[in-house]
Amino acid sequence: MAKKVAVIGAGVSGLISLKCCVDEGLEPTCFERTEDIGGLWRFKENVEDGRASIYQSVITNTSKEMSCFSDFPMPEDFPNFLHNSKLLEYFRIFAKKFDLLKYIQFQTTVLSVKRCPDFSSSGQWEVVTESKGKEQSAIFDAIMVCSGHHILPRIPLESFPERFKGQYFHSRQYKNPDGFEGKRVLVIGIGNSASDIAVELSKKASQVFISTRQGSWVLSRISDCGYPWDMVFHTRFRSMLRNVLPRAVQKWMLERQMNQWFHHENYGLEPQNKYLMKEPVLNDDLPSRILYGAIRVKSRVTELTETSAIFEDGTVEEDIDVIVFATGYTFSFPFLEDSLVKVEDNMVSLYKYMFPPHLEKATLVCIGLIQPLGSIFPTVELQARWVTRVFKGLCTLPSERAMMEDIIKRNKNRIDLFGESQSQILQTNYIDYLDELAEEIGAKPDPLSLLFKDPKLAVKLYFGPCNSYQYRLVGPGRWEGAKSAILSQKQRMLTPLKTRTLQPASHFPVSLLLKILGLLAVVLAFFF
């Protein structure tokens with residue numbers, strides 16, 4: 001008899017968890033509190049309690065080839081960076097293709113998830129749900145928590161006496177720039193949301209200020225030769241260099257790379273600790289808006305008066321009309337026992353950011369409670385692929401002691417790389433983490449072994465973009481189309497760009513010219 005798995009949430013983590021359950025022959029039921037799929041990526045005009053919220057203009061920070069699921073490339077004509085509505089369209093195509101909607105109970109809220117009395121032997125859970133005013137209880141063999149961590153806003157009001165008389169709200173409540181015409185707006189924070197909102201408001205407001213405690217590196221989505229940034233940055237070769245080079249060399253390379261576009265110090269954005277591998281801000285317009293004077297970068301706010309903001313450097317900005325707190329989120333799983341997902345000493349006590357280590361049976365897991373330095377979509381897919389095989393008994397976890405040692409070691413490495421900020425508590429390296437998960441299920445690719453069998457593919461794996469297709473070449477869940485998807489990714493990247501027909505130009509290859517000149521040099525040297 002197939003094991004019954006409760007999947008909580010029908011966002012990206014929930015959808016891929018459903019597919020992985022079905023792939024492994026498990027029997028999933030997904031509980032979604034709203035009327036539709038998409039989670040964070042489904043824009044709604046109004047903010048809803050208990051649901052993630054985005055603004056109307058949100059565009060992905062990771063490109064389509066680096067963000068698609070491993071056996072389901074995005075349509076070739078899709079743009080490289082997707083508006084939230086386009087990404088939701090992909091999720092709908094994906095759900096229809098794999099017939100996932102039949103497993104989802106919409107408008108159903110999970111009230112509680114509790115261990116059954118015989119949990120130590122059965123590993124089972126009692127799940128209580130509510131739908132249309134009616135409560136129901138059911139027993140499940142395993143739980144996949146896919147409800148996300150962008151729901152409970154963190155507003156540091158305790159840092160400021162309630163003196164400010166203007167309007168203030170968390171970035172979660174922001175939807176569009178209408179109504180901010182002629183306003184003087186202060187955005188507190190320097191993450192992706194803060195930067196997006198500041199840029200958008202600067203087109204309507206009379207002046208926008210962005211206050212940052214520590215600064216941040218800012219990258220454009222467009223990288224070398226016009227390629228998407230993550231197709232250039234996330235390669236196995238570059239990851240290897242970051243792992244083997246001395247820290248001093250890494251720091252020099254990082255600073256040089258980040259300052260290629262513009263000198264951050266000149267714009268007041270240089271990070272306080274510029275050698276930490278913190279997630280950069282992805283924004284194509286922020287430097288330009290600062291250059292125009294439409295946005296002014298300020299230091300940390302130390303005090304608010306009725307109408308002004310006082311900053312750490314002693315400067316004051318008067319007549320502030322609106323404050324937007326883009327200050328992040330805290331985790332909240334109100335349906336779980338407090339002891340299951342613990343955050344203590346700035347550390348999440350989950351094995352590989354997924355499994356509570358102290359459970360007698362590994363039958364509850366968090367999917368997507370992580371911030372990789374790359375796309376979240378391939379990350380949660382590999383998490384779900386491994387987890388479902390653990391549930392099925394095909395993969396096993398180490399002892400509680402070994403898991404706790406790994407958690408502590410991983411946290412020390414995280415602090416060393418990313419710092420101790422609360423906003424970095426879920427941060428992890430990208431390719432290293434993907435490889436860890438893939439190794440657990442036997443799906444990690446080996447470019448070296450392919451070097452003599454298929455050198456073209458081996459070179460693509462090592463020097464090309466490390467995308468999700470690589471994890472379908474071998475092992476369980478192997479996909480016949482993986483190699484073709486890897487070799488054709490450049491074409492899918494270029495298709496939505498080449499929308500104007502150009503007359504073919506005759507290009508004389510530079511490499512051929514160099515060879516001819518070299519040959520002439522050898523001939524001349526022979527005679528003279």
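These figures come from a predicted structure and were not determined experimentally. Sequence order as written defines the numbering, with residues in each chain counted from 1. In keeping with the predicted nature of the model, local features appear solely for residues at pLDDT of at least 70, side-chain atom pairs appear and are counted solely at 80 or more, and the whole-chain, interface and lining totals rest on all residues. The side-chain quantities take in all heavy atoms of the structure and omit both hydrogens and water.

Before going further, it helps to spend a moment on the pattern of salt bridges. Put simply, a salt bridge is a Lys or Arg side-chain nitrogen that is within 4 Å of an Asp or Glu carboxyl oxygen. Overall, the coordinates contain 28 salt bridges when judged by the stated rule. Glu35 is paired through a salt bridge with Lys44; the nearest N and O atoms lie 3.2 Å apart. Between Glu65 and Arg492 there is a salt bridge, with its nearest N and O atoms 2.8 Å apart. You can see Glu65 sitting in helix H2 (residues 64–67) and its partner Arg492 sitting in helix H16 (residues 489–494), a full 427 residues away along the chain. Each member of the pair, Glu65 as well as Arg492, is classed as buried. Secondary structure elements follow DSSP: runs of H or I no shorter than four residues count as helices, runs of E no shorter than two count as strands, and numbering proceeds from the N terminus. Note on exposure labels: buried denotes an accessible area under 20% of the residue type's maximum, exposed denotes more than 50%, and partly exposed covers the range between, all computed with a 1.4 Å probe on protein chains only.

Between 30 and 60 degrees the pair is tilted, below 30 it is stacked and above 60 it is edge-to-face, where a pair is any two Phe, Tyr or Trp rings, Trp via its six-membered ring, whose centres lie within 6.5 Å. Scanning the entire structure with this criterion turns up 26 aromatic pairs. Between Tyr174 and Phe180, the aromatic rings sit 6.2 Å apart at their centres with planes inclined by 55 degrees, giving tilted as the arrangement. Note on accessibility: Tyr174 and Phe180 belong to one class, buried. A network of ring pairs unites the aromatic residues Trp41, Phe69, Phe72, Tyr90, Phe91, Phe94, Phe98 and Phe377 as a single cluster. For a lysine, the NZ atom is tested; for an arginine, the CZ atom; a charge sits over a ring if that atom is within 6 Å of the ring centre and within 35 degrees of the ring normal. Positioned over the ring face of Phe81 is Arg221, at 5.8 Å from the centre of the ring.

On to the nonpolar core, then. Ranked by size, the top nonpolar core spans 118 residues in total, and within it Phe91, Val113, Ile143, Met144 and Trp386 carry the most contacts. Ranked by the residues each element gives to this core, the list is headed by helix H10 (residues 376–391), at 8 residues. Looking at this core, you find at least three residues from each of domain 1 (4–151 + 331–438) and domain 2 (158–220 + 261–328). Should any heavy atoms of two residues lie within 4.5 Å, those residues are counted as being in contact. Contact partners of Trp386, with chain neighbours within four places excluded, come to Tyr351, Lys352, Met354, Phe355, Cys395, Leu397, Leu437, Glu440 and Ile441. What is meant by a nonpolar core is a set of buried Ala, Val, Leu, Ile, Met, Phe, Trp, Tyr and Cys residues, joined one to another through side-chain atoms within 4.5 Å. The domain limits used here are those given by an automatic or database domain assignment.

Glancing now at a positive patch on the surface. Residues Lys456, Lys460, Lys490 and Lys498 make up a contiguous surface patch of positive charge. Within the secondary structure, Lys498 is located in the loop between H16 and helix H17 (510–527). Lys498 sits in the exposed class, given a relative accessible area of 62%. Patches were defined on residues exceeding 30% relative accessible area and lacking a salt bridge, with like-charge contacts within 9 Å and nonpolar side-chain contacts (Val, Leu, Ile, Met, Phe, Trp, Tyr) within 5 Å. Accessible surface is estimated by sampling points in the Shrake-Rupley manner with a 1.4 Å probe; for residues, cover comes only from the protein chains shown. Within this scheme the basic residues Lys and Arg register as positive and the acidic residues Asp and Glu register as negative, but His and the chain ends are omitted. Working definition for charges: the position is that of NZ of Lys, CZ of Arg, CG of Asp or CD of Glu.

Examined against the element boundaries, Ser195 turns out to sit in helix H5 (residues 192–201). In the analysis that follows, any N or O atom pair within 3.5 Å is treated as a polar contact, provided that within protein one partner can donate a hydrogen and the other can accept it, and provided that, for residues neighboring in sequence, both atoms belong to side chains. Polar side-chain contacts of Ser195 include one of 3.0 Å to the backbone oxygen of Gly191. For Ser195, the contacting residues outside a window of four places in its chain are Ile190, Ile210, Val281, Asn283 and Leu286.

Before going further, it helps to spend a moment on unusual backbone geometry. The phi dihedral of Asp99 is positive, around 55 degrees, even though this residue is not glycine. Topologically, Asp99 is positioned in the loop between helix H3 (84–97) and strand S3 (104–105). Residue classification places Asp99 among the partly exposed positions, given a relative accessible area of 41%. Backbone geometry places Lys132, a non-glycine residue, at a positive phi of 55 degrees. Judged by its relative accessible area of 77%, Lys132 is exposed.

Moving on: H3. Any helix carries an expected span of 1.5 Å times its number of residues minus one. Between its first and last C-alpha atoms H3 spans 20 Å; for 14 residues at 1.5 Å apiece the expected length is 20 Å, and the two agree. Residues of H3 that are buried: Asn84, Leu87, Leu88, Tyr90, Phe91, Phe94 and Ala95. Taken down its axis, H3 places every buried residue within 150 degrees of arc, on the same side. Those residues of H3 that are exposed and angled more than 90 degrees off the buried face are Lys96 and Lys97. On its buried face, H3 is in contact with helix H1 (12–23) and H10. Looking at the residues trailing H3, positive phi occurs at Asp99, about 55 degrees. Here, the arc refers to the directions that run from the helix axis to the C-beta atoms.

What the domain assignment lists for the protein chain is domain 1 (4–151 + 331–438) and domain 2 (158–220 + 261–328). Centre-to-centre, using C-alpha coordinates, domain 1 lies 31 Å away from domain 2. In short, buried area is how much 1.4 Å probe accessible area vanishes from two parts on joining, totalled over both. Together, the buried faces of domain 1 and domain 2 total about 1,600 Å²; carbon and sulfur atoms form 46% of this surface. Of all residues in domain 1, Val47, Tyr55 and Asn61 give up the largest surface area on contact with domain 2, accounting jointly for 35% of the area buried on that side. Linking domain 1 with domain 2 are 0 salt bridges.

Among the 5 residues in strand S11 (residues 207–211), 5 count as buried, and that is most of the element. Burial of the side chains of S11 extends over both faces: Gln207, Phe209 and Ser211 are buried on one face and Val208 and Ile210 on the other. A strand pair is defined by DSSP finding two or more bridges across the two strands. Pairing between strand S10 (residues 184–188) and S11: 5 bridges, direction parallel. For Val187, the partnering residue across the bridge sits in S11 and is Ile210. Seen with the strands pointing away from the viewer, any crossover whose path from the first strand over the helix to the second strand runs clockwise is right-handed. Regarding topology, H5 serves as the crossover connection from S10 to the parallel S11, and that connection is right-handed.

Here, a disulfide means two cysteine sulfur atoms that sit within 2.5 Å of each other. The full count for this structure, using the stated rule, is 0 disulfides. For Cys30, which is in no disulfide, the shortest distance to another cysteine sulfur is to Cys146 and amounts to 7.3 Å. Classification of Cys30 by relative accessible area gives buried; the value is 0%. Of all cysteine sulfurs, the one in Cys21 lies closest to Cys116, which takes part in no disulfide; the gap is 18 Å.

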